[in-house]
Amino acid sequence: MSGMSRIVKTITNVAFPIVLIYGLYVIAHGHLTPGGGFQGGAVVASGLAMLLVAYGSIWVIGKVKEKQLSILESIGAIGFIGLAFLGILMVFIYSSFQGNFFNNFLINQNEIPLFNEIGAGLANINTAGVIPLMNFAVGLKVIAGLFAIVLVMAYATRIKEGK
Amino acid sequence: MNKRNFAAVIFFAIVGAFLLFTALMMHPFGNFNEENTPEMDEYIIDNTQNETGADNGVTAVVFDYRGFDTLGEATVLFTAVAGVILVFRRLKK
């Protein structure tokens, strides 16, 4: 797929950062406002798909290869599963914790001051334990995965257009 | 009416009756009290903020109470991406 006209490219230049910031906001505030890793990742991947439509897949694949996106997606998946397994492993470090798969080990303790606050209606970003970190991991995974799908399928159509 | 259409009508009647009775047994909308709320809903609405600290109850359920479900969902996405990249890979000439 080759690029579109100058008008489309200009509008994309204006709209793309706004879409990116909104999607990253949805991911970062997943434990406070509606949305989360999957939804924010879909928003960011839509913005990247808009870039792909406006500039063409040949231009985009000169900037980023699908192998790099595949590595990013694997980092997200390993981070998600690693956080789940840390719930078991933390019992060896701090004996006061109760070890479980998907245990929220960051919440309600004073050893690690990261996302450890608790309480109703705080609307504070420093709450909810391991949930924001899992949101980041899943968001990275969804961004890289959906953009890899769209990029690979768009690049496969260049043969029909004779390029 | 042949045999196949007859089976389709029977199937449609059974599914339609099932959906109708399910709709009639739903809880009244916007009427929150102790009697017409299931216990699980009540527990999550009452205890989510004090147990996980997250204000967004849906994210608390998805990433904390039901983490296994999210793990399966992530696995489905990973498999889909791997399959699409496998099908549309670039072959060396």
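This structure is a prediction, so every number in the text was calculated from the model and none was measured.

Summing up its helical and strand segments, chain B has four helices and zero strands in all. Every one of the 93 residues in chain B was classed for burial, and the buried ones make up 22%. Counting only carbon and sulfur atoms, one obtains 68% of the accessible surface of chain B, whose full area is about 7500 Å².

What follows concerns the overall build of chain A. Looking only at helices and strands, chain A features five helices and zero strands. Beginning at the N terminus, the succession of helices and strands in chain A can be written as α-α-α-α-α. Taking all 163 residues of chain A together, 44% fall into the buried category. Taking the contacts inside chain A whose residues are at least 6 apart along the sequence as the reference set, 62% of them involve residues at least 24 apart.

For helix 2 (residues 37-55) of chain A, built from 19 residues, the straight-helix expectation of 27 Å at 1.5 Å per residue is met to within 8% by its first-to-last C-alpha distance of 27 Å. Phi turns positive, to about 90°, at G56 of chain A, one or two residues after helix 2 of chain A.

When pLDDT is averaged across chain A, the result is 82; 86% of the residues are at 70 or more. In the model of chain A, helix 3 (residues 57-63) of chain A stands out as the element of lowest mean pLDDT, 83, in contrast to helix 1 (residues 6-28) of chain A, which has the highest, 91.

The terminal C-alpha atoms of helix 5 (residues 131-156) of chain A, which comprises 26 residues, lie 37 Å apart, in line with the 38 Å expected from a rise of 1.5 Å per residue. Burial within helix 5 of chain A is extensive, with 19 of its 26 residues counted as buried.

Low pLDDT marks regions whose predicted coordinates should not be analysed in detail. Looking at chain B as a whole, its pLDDT mean stands at 82, while 85% of the residues score no less than 70. Averaged pLDDT values over the elements of chain B bottom out at 78 in helix 2 (residues 39-51) of chain B and peak at 92 in helix 1 (residues 3-24) of chain B.

Here the focus is the packing of aromatic side chains. Tallying each qualifying case throughout the model produces three aromatic pairs over all chains. Aromatic pair F80 of chain A and F63 of chain B: ring centres 6.4 Å apart, planes at 80°, arrangement edge-to-face. Taken together, the residues F80 of chain A in helix 4 (residues 66-93) and F63 of chain B in helix 3 (residues 57-65) connect one chain to another. Judged by relative accessible area, F63 of chain B falls into the buried class, the value being 4%.

Turning our eyes to something else, we now look at the interface of chain A and chain B. Chain A puts 42 residues into the contact, and the matching count from chain B is 25 residues. It is F38, F102 and I131 of chain A in chain A that bury the most area against chain B; as a group they hold 19% of the surface buried on that side. Remark: the boundary between chain A and chain B carries zero salt bridges. At the junction of chain A and chain B, the tally comes to eight residue pairs in polar contact (both at pLDDT 80 or more). Every element with two or more residues in the side of chain A that touches chain B is listed here: helix 4 and helix 5 of chain A. Of the residues that constitute the side of chain A that touches chain B, the class distribution is 25 nonpolar, twelve polar and five charged.

What follows covers the nonpolar core. One finds L48, V60, L69, F147 and L151 of chain A to be the most contacted residues of the largest nonpolar core, which totals 23 residues. Breaking this core down by element, the ones donating at least two residues are helix 1, helix 2, helix 3 and helix 5 of chain A together with helix 4 (67-87) of chain B. Counting residues per element, this core draws most heavily on helix 5 of chain A, which supplies eight residues. Setting aside chain neighbours within four positions, we find L69 of chain A in contact with V64, A144, F147, A148 and L151 of chain A. With 20 residues, the next largest nonpolar core counts F80 and V142 of chain A together with F63 and L71 of chain B among its residues.

Procedures and definitions
Residues numbered from 1 in each chain as written. Chains lettered and ligands numbered in written order. Predicted model: local features only at pLDDT ≥ 70, side-chain atom pairs only at ≥ 80, totals over all residues. Heavy atoms only, no water. Helix = DSSP H or I, 4+ residues; strand = E, 2+ residues; numbered from the N terminus. Buried < 20%, exposed > 50% of the residue type's maximum accessible area, 1.4 Å probe, protein only. Areas by Shrake-Rupley, 256 points an atom, 1.4 Å probe, with all protein chains shown as cover. Contact = heavy atoms within 4.5 Å. Expected span 1.5 Å × (residues − 1). pLDDT = per-residue confidence, 0-100. Phe/Tyr/Trp six-rings, centres within 6.5 Å; stacked < 30°, edge-to-face > 60°. Buried area = accessible area lost by both parts, 1.4 Å probe. Salt bridge = Lys/Arg side-chain N within 4 Å of Asp/Glu carboxyl O. Polar contact = N/O pair within 3.5 Å; in protein donor to acceptor, adjacent residues only side chain to side chain. Nonpolar A, V, L, I, M, F, W, Y, C, P; charged D, E, K, R; others polar. Core = buried A, V, L, I, M, F, W, Y, C linked by side-chain atoms within 4.5 Å.

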